[in-house]
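# Residue-level structural notes
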Amino acid sequence: KILVIGANGQIGTELVVNLRGRFGEEAVIASDIHASDHHLIKDGPFELINVLDKNALEAVFEKHSPTQVYLLAAILSATGEKHPKMAWDLNMTGLLNVLDLAVKYKTNKVFWPSSIAVFGPHSPRENTPQFCIMDPNTVYGFSKLAGERWCEYYYLKHGLDVRSLRYPGLIGWRSDPGGGTTDYAVNIFHEALAHNKYESFLSAGTALPMMYMHDAIRATLELMDAPAYKLSIRSSYNLAGISFTPEQLSAEIKKHLPGFEITYANNDPRQAIAESWPKSIDDKKAQEDWGWKIKYDLVAMTEDMLANLK
Ligand code: VAH
């Protein structure tokens, strides 16, 4: 059995759909703090879980003895700045509860997402390497950095096979993002199709590392399938996708929707968050260790998003 915690989220929904497609619906238990209303999820096995309620979480481990656990529950960058203590508590205590129970119940493999948000203003901003100065200044960012340290610690001290990816901003059509700084790159498609215009909360030239959801899910499953001896990173792997600005994304959308107009808000708090992050990532380690290779570029992603959202 595979347990996906945070199944109602942007990544969790996609993971449940893909894992059920691969292992069968009954083998994948979706869970979240609220019941799911997503048409692709709601009919399969589901458990209500609050990752902060360790006893209730343990009861689910007891009941299902999951062989794999994917922990996607988290508060993202923008929301985390509005509720810093809640973000720290959910992101950290939730992870520690899962790591503890995974050791206790001998879970074979655990997946936990980190983010390019672990880098900060003094990290190199172009082709940011796997190892460098990391001074994240968002609660989300340093909760993910601390989480990476805990994951490596549980691997080294308890032999727990926990694996992680530093996701870029993720863009998909099946599920909506929530509370992130990169969400503009999803919202823009919905607004373009509905109103032929979009006001971006990030400025025109703000480059960020991004990735199409299909590539992010494939990277996750390829990492989880990789033989353990191949993995030299037990904190979290850099994962590079496409790097683009709101201006470049809107130009690509305009090729399909010629009348589309983008405008730019100013002094949105997410601008400062975006400017503390890398513009592009070096994922040489993922390429070397487990053969990572991106498939979707900006052109292919834009085509596929519009085709599926139309
Ligand atoms: C966020 N989507 O914006 C997340 C992600 C790299 C960005 O961590 O907070």
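In short, a report on the structure. (Residues numbered from 1 in each chain as written. Predicted model: local features only at pLDDT ≥ 70, side-chain atom pairs only at ≥ 80, totals over all residues. Heavy atoms only, no water.)

### Re the overall build of the protein
Within the protein, the regular secondary structure consists of 11 helices and 12 strands. With the C-alpha coordinates of the protein rotated into their principal frame, the extents come out at 55 × 45 × 40 Å. Per-residue burial over the protein gives 56% buried out of 310 residues. On the protein, the mean spot of the 31 positive side-chain charges and the mean spot of the 37 negative ones are 4 Å from each other. (Helix = DSSP H or I, 4+ residues; strand = E, 2+ residues; numbered from the N terminus. Buried < 20%, exposed > 50% of the residue type's maximum accessible area, 1.4 Å probe, protein only. Lys, Arg positive; Asp, Glu negative; His and termini not counted. Charge placed at Lys NZ, Arg CZ, Asp CG, Glu CD.)

### With respect to the nonpolar core
Membership of the largest hydrophobic core comes to 35 residues, with the highest contact counts inside it found for Ile171, Tyr184, Phe189, Phe244, Leu249 and Met301. When residues of this core are traced back to their parent elements, those giving at least two are helix H5 (139-158), helix H6 (184-195), strand S9 (208-212), strand S11 (242-244), helix H8 (246-254), helix H9 (269-275) and helix H11 (298-309). Here this core gets six residues from one element, more than from any other, and that element is H6. Discounting residues that sit within four places of it in the chain, Ile171 has contacts with Gln10, Ala185, Val186, Phe189, Met210, Met211, Tyr212, Met213, Phe244, Met301 and Met305. In this structure, Val28, Met213, Ala216 and Tyr237 belong to the second largest nonpolar core, which totals 32 residues. (Core = buried A, V, L, I, M, F, W, Y, C linked by side-chain atoms within 4.5 Å. Contact = heavy atoms within 4.5 Å.)

### Here we look at the environment of Pro227
Residue placement: Pro227 occurs in the loop between helix H7 (213-225) and strand S10 (237-238). Once the C-alpha coordinates of Pro227 and Trp290 are considered, the two residues, 63 residues apart in sequence, prove to be 8.5 Å apart.

### A look at helix H4 (residues 84-104)
The end-to-end C-alpha separation of H4 is 30 Å, in line with the 30 Å expected for 21 residues at 1.5 Å each. Note on H4: the residue one or two positions beyond its end, Lys106, has a positive phi of about 50°. (Expected span 1.5 Å × (residues − 1).)

### Side note on the sheet that holds S9
An order of S7-S9-S11 is seen for the three strands of this open sheet, with the pairing classed as mixed. Edge strands, defined here as strands with exactly one partner in the open sheet, are strand S7 (169-171) and S11. Averaged over all pairs of adjacent strands, the angle between their axes in this sheet comes to 40°, without regard to strand direction. Note that S9 and S11 share three bridges and pair antiparallel. Across the sheet, the residue bridging to Pro209 is Ser243, located in S11. Across the sheet, H7 lies against S7 and S9, angled at about 80° from S9, the strand it touches most. (Pairing = 2+ DSSP bridges. Axes fitted to C-alpha atoms, helices over the stretch in contact; angles between N-to-C directions.)

### A few points about the state of the cysteines
Disulfides are covalent bonds that link the sulfur atoms of two cysteine residues. The full count for this structure, using the stated rule, is zero disulfides. As a non-bridged cysteine, Cys132 has Cys151 as the owner of its nearest cysteine sulfur, 18 Å distant. (Disulfide = S-S within 2.5 Å.)

### Side note on the side chain of Asp215
One can find Asp215 in helix H7. Separated by 2.8 Å, the side chain of Asp215 and the backbone nitrogen of Tyr296 make a polar contact. Ignoring any residue separated from it by four or fewer positions in sequence, one finds Asp215 in contact with Trp292, Ile294, Lys295 and Tyr296. (Polar contact = N/O pair within 3.5 Å; in protein donor to acceptor, adjacent residues only side chain to side chain.)

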